[in-house]
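Summary of structural features
Listed here are the chains, written in short residue letters.
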Amino acid sequence: MKISKDQIAESNQKEQNNHRVQFEFLEDQLSRKNVHVAELIQKLADFQVAIPSWALGAGGTRFGRFSYYGEPSNLTQKIEDVGIIHMLTRTAGAISLHIPWDVPEDYTAVKELARSLDLKFDAVNSNTFQDQKGSRESYKFGSLSNVSQAVREQAIAHNKEVIGIGEKLGSKSLTVWLADGSSFPGQNNFQTALHHTENSLKEIYKSLPIDWKMFIEYKPYEPNFYSTVIQDWGTSFMLANACGEKAYSLVDLGHHLPNTNIEQIVSTLMWKGKLGGFHFNDSKFGDDDLTVGSIKPYALFLIFNELVYGMENNPQNPDLAWMIDASHNIKDPIEDLIQSLEAIQEAYAKALLVDQVALKLAQQENDVTQCQEILQGAYRTDVRSLIQMARVQKGGAIHPLKAYRELAIRKKLIEERGKHTIATGL
Ligand SMILES: [Mn+2]
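Notes on the structure in this doc start here. Because the structure is predicted, anything quoted here is derived from the model rather than measured.

1. Here we look at the pairing of strand β10 (residues 275-280)
For β10, the tally of buried residues reaches six of six residues, placing the bulk of the element in the interior. Judged from the four bridges that link them, strand β9 (residues 247-252) and β10 form a sheet pairing that is parallel. The partner of S249 across the bridge, within β10, is L275. For the handedness criterion, the β-α-β arrangement of β9, helix α8 (residues 262-271) and β10 is classed as right-handed.

In structure tokens, the structure reads:
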């Protein structure tokens, strides 16, 4: 299942007039404020977000799972789905694989397919949060932090294997997220668990190819509910520093307690040159995996405001790895990802509109009201036609979601794959 350029052109033809009127209006408004519109469009067009292989099927909760029909049941089909999203949006130019759910059988074929769809392989993700069939040791009581050396060694070996798989695909980074922690007070010795984790990460780090990065993700709770070994950005930052210059912290929006000031975390990490990757999603309570921008779009904008500031002012921080990390229960996953990408682009575009010079001036004068006016002035701008223009220039659809529905892609996927398919790992 592939979408052709002709199909997109046909869809765009219907939308062209409306789009042009809206774009010209915005272009005029922005030009009056001395915004370089062409430059802005270029930045938006260049911005690419990786799609995780686990987001293409319907996820589930511990209460159940409801199929979406026509879901991808193997890696090839997952890559094809990302190809559909990328063809429509031109902003999903990479896929992030989960190992062992997505170990390629035929590397040449998988790489060829990705190349034909204009997709790169982003970070590879290891999995030491569940036991795999036939594994010798169990992760029930932790992996890299486990009291048992044999368990730790198995988890380290798995991460090294993931690096090897990533190397064959052309990935350049490894993301480590640990479920390790304790559910009851007294279950773990905090210091021992952290010490083991640090040593295990250092061991994995030794196997990191010279041009690779290691991303250390944190999360305050779940699946362990009393403590997690890497609970917050500070712990992740400390471990990244202990490992070395190729190790970085990774911020996942859903991995914070309610009302955490994530934009401040982003800002601090970029100042220290240690923000490596970013996982987008949205949440009401915790790690809810909701569509990006569906609950707190203003918070997303404030985060992007710090990211843009960091990208412009912190050369010590490397280019960031952007990824959506979500797994949906009740929406068509492809539609959901299209909405998420749109929300990300919107927040980025609005952050690019913040007048940084005026903001700095207002900050220096302690003009609090003006500071808010500047931020919210950018936030309230309807930037959708700008994003559309960035997409169109790269051959994407003016309205990806509309085009997806008009082309009846899901119906075709069901015809092709059948109704009751389940993605590997779900
Ligand atoms: Mn994540």
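2. Here's the deal with the packing of helix α9 (residues 297-313) against helix α10 (residues 333-352)
Between α9 and α10, the shortest axis-to-axis distance is 8 Å and the interhelical angle comes to 55 degrees. Classed by the angle they form, the pair α9 and α10 counts as oblique. The two elements α9 and α10 meet at a crossing, and its hand is right-handed. Contact with α9, carried on its side by P297, L300, F301, F304, N305, L307 and V308, involves A343, A347, Y348, K350, A351 and L352 of α10 and no other residues of that element.

3. Brief notes about the pairing of strand β11 (residues 321-324)
As defined by bridge partners, β10 adjoins β11 across four bridges and the pair is classed as parallel. Within the sheet, the bridge partner assigned to F278 lies in β11 and is W322. Where the polypeptide runs from β10 across α9 and back to β11, its parallel neighbour, the crossover connection is right-handed.

4. A word on helix α7 (residues 233-243)
Among all positions in α7, only W233, S236, F237, L239, A240 and C243 are buried. Within α7, the buried residues cover an arc of 165 degrees as seen down the axis, which keeps them to one side. Residues of α7 that are buried make contact with α6 (190-206), β7 (213-217), β9 and α8. Just downstream of α7 lies G244, where phi reads positive at about 145 degrees.

5. What about helix α13 (residues 384-393)?
Counted residue by residue, α13 has seven buried out of 10 residues, so it is predominantly covered. Every buried residue of α13 is accounted for by L386, I387, Q388, M389, A390, R391 and V392. Taken together, the buried residues of α13 touch α1 (5-32), α2 (37-46), α3 (75-89) and α10. Of the residues flanking the end of α13, it is G395, one or two places downstream, whose phi is positive at about 90 degrees.

Conventions we followed
- Residues numbered from 1 in each chain as written.
- Predicted model: local features only at pLDDT ≥ 70, side-chain atom pairs only at ≥ 80, totals over all residues.
- Buried ≥ 20, exposed ≤ 12 C-beta atoms within 10 Å, placed from the backbone.
- Helix = DSSP H or I, 4+ residues; strand = E, 2+ residues; numbered from the N terminus.
- Pairing = 2+ DSSP bridges.
- Right-handed = clockwise from strand over helix to strand, strands pointing away.
- Axes fitted to C-alpha atoms, helices over the stretch in contact; angles between N-to-C directions.
- Parallel < 35°, antiparallel > 145°, perpendicular 65-115°, else oblique.
- Left-handed = near helix turned anticlockwise from the far one by under 90°.
- Contact = placed C-beta atoms within 7 Å.
- Arc of directions from axis to C-beta.

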